[in-house]
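Here is what each chain is made of, one letter per residue.
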Amino acid sequence: MASRGGATRPNGANAGNKICQFKLVLLGESAVGKSSLVLRFVKGQFHEFQTWNMDVEVTSDRTEKSDNNLKAAFLTQTVCLDDTTVKFEIWDTAGQERYHSLAPMYYRGAQAAIVVYDITNEESFARAKNWVKELQRQASPNIVIALSGNKADLANKRAVDYQEAQSYADDNSLLFMETSAKTSMNVNEIFMAIAKKLPKNEPQSAGTNSGRGRGVDLTETTQQSKSQCC
Ligand code: GTP
Ligand code: MG
């Protein structure tokens, strides 16, 4: 699935919606823009010459924490579909090779993953393919995987062909979009596409992670959960 459309904000909550919670992990080589995509999606911000990762602040309306020992940041964001509010628990991992062995801790039990490469860096595309292979071998069998060709605003420095990436995604049943955390192109769209593809029909009890590959339906749980919607 490909789209080059413009950005939209996550849409508003509908009263009476079922609320489903999913764990999503971002993987990919260092500096491809994983943290920037999360920052754009959750806060609508972009920092040009700054890597943003571990030092996130706690704010009143979003859950955010960092784990300096484990080298990942955790944030939440909700998107609202017609009859379901999807709450993403987003784990943004560090891409440096020395942290690779920690990755299973984050993708284990994840219902969705975004594997990111930089369209100006061919090596990062090869690395992304390795992440996809690893997820296919070791993550939950029903995990929804999206491939993000980030830094699409740098098309004049393109090193990875769009059609090649699209074909690879089709062959591996991945969602695929070229994105730009800088311009926000397709950032909300890729999360929305994942939200639409996630299975929401078989609710689990809130607070458990036993439903591998399924969401946790929070509709019947606390008002606090509901108040986090959009
Ligand atoms: P690690 O945390 O080391 O794994 O890197 P990362 O994948 O989280 O990359 P990060 O978001 O820190 O971005 C790396 C650099 O790329 C920063 O200077 C960003 O400003 C820049 N960057 C990120 N996304 C984009 C984009 O869409 N377009 C452009 N032009 N630059 C981007
Ligand atoms: Mg980062």
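Keep in mind it's a predicted model, so treat the numbers as computed, not measured.

**Let's talk about the overall build of the protein**
Phase 1 of the analysis: Tallying secondary structure elements over the protein gives 6 helices and 8 strands in all.
Phase 2 of the analysis: The burial tally for the protein puts 54% of its 230 residues in the buried class.
Phase 3 of the analysis: Of the contacts made within the protein by residues no fewer than 6 positions apart, 72% connect residues no fewer than 24 positions apart.
Phase 4 of the analysis: As presented, the protein carries roughly 10700 Å² of accessible surface, and 45% of it is formed by carbon and sulfur atoms.

**Re the site of ligand 1**
Phase 1 of the analysis: Taken together, 24 residues are adjacent to ligand 1, and Ser30, Lys34, Ser36, Glu48 and Gly95 come closest.
Phase 2 of the analysis: Within the side chain of Ser30, one N or O atom sits 2.6 Å away from an oxygen atom of ligand 1.
Phase 3 of the analysis: At 2.6 Å from an oxygen atom of ligand 1 is found a side-chain nitrogen or oxygen belonging to Lys34.
Phase 4 of the analysis: Protein chains bury 91% of the 650 Å² of accessible surface belonging to ligand 1 in isolation.

**Thoughts on the pairing of strand S5 (residues 112-118)**
Phase 1 of the analysis: Of all the 7 residues making up S5, 7 are buried; the element is thus mostly covered by neighbouring parts of the structure.
Phase 2 of the analysis: Residues of S5 alternate between two faces, with Ala112, Ile114, Val116 and Asp118 on one and Ala113, Val115 and Tyr117 on the opposite face, all of them buried.
Phase 3 of the analysis: Of the pairings in the sheet, the one linking strand S1 (residues 18-28) to S5 comprises 5 bridges and is parallel in character. Bridge pairing in S5 links Leu27 to Val115.
Phase 4 of the analysis: Where S5 meets strand S6 (residues 144-150), 7 bridges bridge the pair, whose relative direction is parallel. Of the residues in S6, the one forming a bridge with Val116 is Ser148.
Phase 5 of the analysis: In this view, the connection linking S5 to its parallel neighbour S6 by way of helix H3 (residues 122-138) has right-handed handedness.

**Focus: the confidence of the model for the protein**
Phase 1 of the analysis: Of the residues in the protein, 71% reach a pLDDT of 70 or more, and the chain-wide mean stands at 81.
Phase 2 of the analysis: Low confidence marks residues 1-9, where pLDDT is under 50. Its contacts with residues over four positions away, or in another chain, come to 33 contacts.
Phase 3 of the analysis: Long-range and interchain partners of residues 54-63, a stretch whose pLDDT sits below 50, account for 22 contacts in this model, where long-range means more than four residues apart.

**Description of the packing of aromatic side chains**
Phase 1 of the analysis: The full count for this structure, using the stated rule, is 8 aromatic pairs.
Phase 2 of the analysis: Arranged with centres 5.3 Å apart and planes meeting at 35°, the rings of Trp91 and Tyr106 form a pair that is tilted. Of the two residues, Trp91 sits in strand S4 (residues 84-93) while Tyr106 sits in helix H2 (residues 103-107), which places them 15 residues apart along the sequence.
Phase 3 of the analysis: Taken together, Phe41, Phe88 and Phe191 form an aromatic cluster joined through their ring pairs.
Phase 4 of the analysis: The lysine or arginine in question, Lys129, covers the ring of Tyr168, its NZ or CZ lying 5.3 Å from the ring centre.

**So, the side chain of Glu134**
Phase 1 of the analysis: Mapping Glu134 onto the fold places it in helix H3.
Phase 2 of the analysis: No salt bridge is formed by the buried Glu134; the nearest opposite charge belongs to Arg137, separated by 5.3 Å.
Phase 3 of the analysis: Those residues in contact with Glu134 that lie beyond four places of it in its chain are His100, Pro104, Tyr107 and Ala139.

**Here's the deal with the nonpolar core**
Phase 1 of the analysis: Core analysis: the biggest nonpolar cluster contains 32 residues, and Leu24, Phe41, Phe88, Ile90, Ile114, Phe191 and Ile194 have the highest contact counts within it.
Phase 2 of the analysis: Every element with two or more residues in this core is listed here: S1, helix H1 (34-43), strand S3 (72-80), S4, S5, S6, strand S7 (175-178) and helix H5 (187-197).
Phase 3 of the analysis: Not counting residues within four places of it along the chain, the set of residues in contact with Leu24 comprises Phe88, Glu89, Ile90, Trp91, Ala112, Ile114, Phe191 and Ile194.

**Side note on the pattern of salt bridges**
Phase 1 of the analysis: Tallying each qualifying case throughout the model produces 4 salt bridges.
Phase 2 of the analysis: One salt bridge connects Glu48 with Lys182, and the closest N-O pair in it is separated by 3.1 Å. Of this pair, Glu48 sits in the loop between H1 and strand S2 (64-67) while Lys182 sits in the loop between S7 and H5, and the two are 134 residues apart along the sequence.
Phase 3 of the analysis: A relative accessible area of 43% means that Glu48 is categorised as partly exposed.

Parameters and conventions
- Residues numbered from 1 in each chain as written.
- Chains lettered and ligands numbered in written order.
- Predicted model: local features only at pLDDT ≥ 70, side-chain atom pairs only at ≥ 80, totals over all residues.
- Heavy atoms only, no water.
- Helix = DSSP H or I, 4+ residues; strand = E, 2+ residues; numbered from the N terminus.
- Buried < 20%, exposed > 50% of the residue type's maximum accessible area, 1.4 Å probe, protein only.
- Contact = heavy atoms within 4.5 Å.
- Areas by Shrake-Rupley, 256 points an atom, 1.4 Å probe, with all protein chains shown as cover.
- Near = heavy atom within 4 Å.
- Polar contact = N/O pair within 3.5 Å; in protein donor to acceptor, adjacent residues only side chain to side chain.
- Pairing = 2+ DSSP bridges.
- Right-handed = clockwise from strand over helix to strand, strands pointing away.
- pLDDT = per-residue confidence, 0-100.
- Phe/Tyr/Trp six-rings, centres within 6.5 Å; stacked < 30°, edge-to-face > 60°.
- Lys NZ or Arg CZ within 6 Å of the ring centre and 35° of its normal.
- Lys, Arg positive; Asp, Glu negative; His and termini not counted.
- Salt bridge = Lys/Arg side-chain N within 4 Å of Asp/Glu carboxyl O.
- Core = buried A, V, L, I, M, F, W, Y, C linked by side-chain atoms within 4.5 Å.

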